[in-house]
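Residue-level structure breakdown
Here is how the chains run, residue by residue.
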Amino acid sequence: MTPRRPDSRPDSRPDLAADPATAHPPLVISADETLLAELLALAAAADVTPVVVRDPVSALGAWSRAPVVLVGADLADAMARVAPDRRPRTYLVSAGRAPDEVFRTALHLGAEQVVELSGSAAWLVELLADLTEHLPGRGRVIGVIGGSGGAGATTLACALGQWAARRGPAVVIDCDPQGPGLDRMLGVERHDGFRWDALCQTTGRLSARALREALPRRDGLGVLSWYVDGRVATLQAFAVREALSAARRGHEVVVVDLPRSRDPLVEEVAARCGELLVVTVGSVVGVAGAARMRSRFAEHPGAGLVLRGETFTAAEVQRAVGLPVLAHMRDQRGLAESVDLGLGPLRSARGPLARAAARILSTDPAPGPGETVTAVGAPAGARDGMGSLGPGAAA
């Protein structure tokens, strides 16, 4: 193995997804304060906090557990003399141009590459960001889409975000430029913060911390939506991918409001969601629309139904559509007033919509036989996504 400078191609980064070691922080071994300042700044951009050790012997304890080891050129010879066990994903890091002898030292140390920060900073940020990308328990991503017009997908997305934010950091992402706007539904349209137009102008890796701090936020819930004047008419694929990645790394729950329109990017975003909720009305038209949506996402392993109305039972709709009914809801009184007051659809922790959101997020016991959970009706005259949500979560 010959140490080399990192390849800038995306597929040159090591696969960290299946490595249980990613539960531990990366290890940085250096006593060079200038180099450490640069490395810590890059780690912050990747939203990771490494363990810093300034003595080679002291580094041995964390050497085998760390998912990535960065050895400063200043301590490379000393580290090689200690002769730690060879391990994957060890890199020798130099602030400037690495002299030839550093490559020989890297070979003795068993380092995979020599990283010169002057030309490889972006590569290193992506490497470190991949550590949190695959941490267990990070970022439950739930997509919500209407099975038919007026089903109430946007209302449910907002309610899920509000309920999730009661227990940990959560974010709702508005992927429908023609919808009512999640920021207006949640009463944060006048709050300062990034909207899609700003994110669509960014390039490079977006850190989880940067996204959390940039978004309009209230009561622990961040909102990524659109400006009222519609400055951005369509989503940009790179911006959506970075936003979803950063959101998942920085929040416990990510709720994505998806448009019903057919678009390759919408299909991709839905595929990135661990769960996909199809919200439908309990009518012939609504069930037919849900069945079509089911065929559209036939390969999605986490698809389920949220049913509104009492014309059909949950069992009947489940048989017709071929998806499990996760919540069956009635209309909730006062929803229009709650949204108009800027409180969002989830006004009460004890209301029917709260019960339905808790059921979907598995934070509330399932109802007993015959018990129902009522939920949501939409503001009058609302557009698709603000339609009424209905009957209560049938078991």
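Above this text sits the structure in question.
Read on for an overview of the structure. (Residues numbered from 1 in each chain as written. Predicted model: local features only at pLDDT ≥ 70, side-chain atom pairs only at ≥ 80, totals over all residues. Heavy atoms only, no water.)

Focus on the overall build of the protein
Note the cut-off: Secondary structure is summarised from DSSP: a helix means a run of H or I of at least four residues, a strand means a run of E of at least two, and numbering begins at the N terminus for each. Exposure categories follow from relative accessible area, calculated using a 1.4 Å probe and restricted to protein chains: below 20% of the type maximum is buried, above 50% is exposed, and the middle band is partly exposed. In this description, contact between two residues means that some pair of their heavy atoms is separated by no more than 4.5 Å. For accessible areas, the Shrake-Rupley method is used with a probe of radius 1.4 Å. Any residue's cover is judged against the shown protein chains and nothing else.
When helices and strands are tallied, the protein shows 15 helices and 13 strands. Taken across its 395 residues, the protein has 54% of its residues classed as buried. Considering only contacts in the protein between residues 6 or more positions apart, those separated by 24 or more positions represent 71%. When the accessible surface of the protein is totalled, it reaches about 16,900 Å², and 51% of it is carbon and sulfur.

As for the layout of surface pockets
Spelled out, the test is: In this analysis a 1.4 Å probe is tested at points of a 1 Å grid over the protein atoms alone, and where it fits but cannot get out there is a cavity; an open set with protein on both sides within 12 Å along at least five of seven lines is a pocket; lining residues have an atom within 4 Å of a point. Grid points are joined across faces, edges and corners, and a volume is the space filled by probe spheres set on the points. Each residue gets one of three labels, nonpolar for Ala, Val, Leu, Ile, Met, Phe, Trp, Tyr, Cys and Pro, charged for Asp, Glu, Lys and Arg, and polar for the others, Gly among them.
Each pocket or cavity is described by its volume, and for the largest pocket that value is around 230 Å³. Gln-162, Ala-165, Arg-166, Leu-186, Val-188, Arg-218, Asp-219, Leu-221, Val-223, Gly-342, Leu-343 and Leu-346 together form the lining of the largest pocket. Elements with a contribution of two residues or more to the lining of the largest pocket: helix H6 (153–165) and strand S9 (221–224). When the residues that make up the lining of the largest pocket are grouped by side-chain class, the tally is 7 nonpolar, 2 polar and 3 charged.

Describing the nonpolar core
Operational definition: Working definition of a nonpolar core: buried Ala, Val, Leu, Ile, Met, Phe, Trp, Tyr and Cys residues. They are joined through side-chain atoms within 4.5 Å.
By size, the foremost hydrophobic cluster in this structure holds 41 residues, and its most contacted members are Ile-173, Trp-196, Val-256, Leu-258, Val-269 and Leu-305. A total of 6 residues in this core trace back to one element, the largest contributor, which is helix H10 (residues 237–250). Once residues lying within four places of it in the same chain are set aside, the contact partners of Val-256 are Val-141, Ile-142, Gly-143, Val-144, Ile-173, Cys-175, Leu-244, Val-269 and Cys-273. Among the nonpolar cores identified, the runner-up in size contains 38 residues, and Met-185, Val-188, Leu-346 and Ala-354 belong to it.

Regarding the pattern of salt bridges
Spelled out, the test is: Any Lys or Arg side-chain nitrogen located within 4 Å of an Asp or Glu carboxyl oxygen qualifies as a salt bridge.
Summed over the entire model, instances satisfying the criterion amount to 10 salt bridges. The partner of Asp-183 in a salt bridge is Arg-195, with the nearest N and O atoms 3.5 Å apart. Of this pair, Asp-183 sits in helix H7 (residues 182–185) while Arg-195 sits in the loop between H7 and helix H8 (196–199), placing them 12 residues apart in sequence. The salt bridge partner of Glu-268 is Arg-241, with a shortest N-O separation of 2.7 Å. Placement of Glu-268 in helix H11 (residues 264–272) and of Arg-241 in helix H10 is noted, with a sequence separation of 27 residues between them. Judged by its relative accessible area of 23%, Glu-268 falls in the partly exposed class.

Concerning the sheet that holds strand S7 (residues 170–174)
Under the convention used in this document: When DSSP finds two or more bridges between a pair of strands, those strands are recorded as paired. Only the stretch in contact is used when fitting a helix axis, every axis being a line fitted to C-alpha atoms; angles between N-to-C directions are given from 0 to 180 degrees.
As summarised here, the arrangement of the 8 strands in space is S8-S9-S7-S10-S6-S11-S12-S13, forming an open sheet in which the pairing is mixed. Of all the strands in the sheet, the pair left with one neighbour each is strand S8 (217–218) and strand S13 (325–329). Sheet analysis places S7 next to S9, joined by 4 bridges and oriented parallel. Bridge pairing links Val-172 to Val-223 in S9. Contacts between helix H15 (residues 352–360) and the sheet are confined to strand S6 (140–146), strand S11 (275–281), strand S12 (303–308) and S13, with S13 contributing the most and set at about 175° to the helix.

Focus on the environment of Glu-126
With respect to the helices and strands, Glu-126 occurs in helix H5 (residues 117–133). Once the C-alpha coordinates of Glu-126 and Leu-42 are considered, the two residues, 84 residues apart in sequence, prove to be 9.4 Å apart.

Topic: helix H12 (residues 284–296)
Here is the rule we go by: By this rule the span expected of a helix is its residue count minus one, scaled by 1.5 Å. The directions from the helix axis to the C-beta atoms are what the arc is built from.
When the terminal C-alpha atoms of H12 are compared, their 19 Å separation across 13 residues agrees well with the 18 Å that a helix rising 1.5 Å per residue should span. Within the span of H12, buried status applies to Gly-286, Val-287, Gly-289, Ala-290, Met-293 and Arg-296. Looking straight down H12, one finds its buried side chains confined to an arc of 170°; they lie on one side. In H12, the exposed positions angled more than 90 degrees off the buried face are occupied by Val-284, Arg-292 and Ser-295. Contacts from the buried residues of H12 go to S6, H11, S11, S12 and helix H13 (314–321).

Here's the deal with the environment of Arg-218
Definition in use: Counted as a polar contact is a pair of N or O atoms within 3.5 Å, where, for protein atoms, one must be capable of donating a hydrogen and the other of accepting one, and residues adjacent in sequence contribute only when both atoms are in side chains.
By secondary structure assignment, the location of Arg-218 is in strand S8. With a relative accessible area of 29%, Arg-218 lands in the partly exposed category. Measuring from C-alpha to C-alpha, the distance between Arg-218 and Gly-187 comes to 9.1 Å, with 31 residues separating the pair along the chain. Polar contacts involving the side chain of Arg-218 include one to the main-chain carbonyl oxygen of Gly-342, which spans 2.6 Å.

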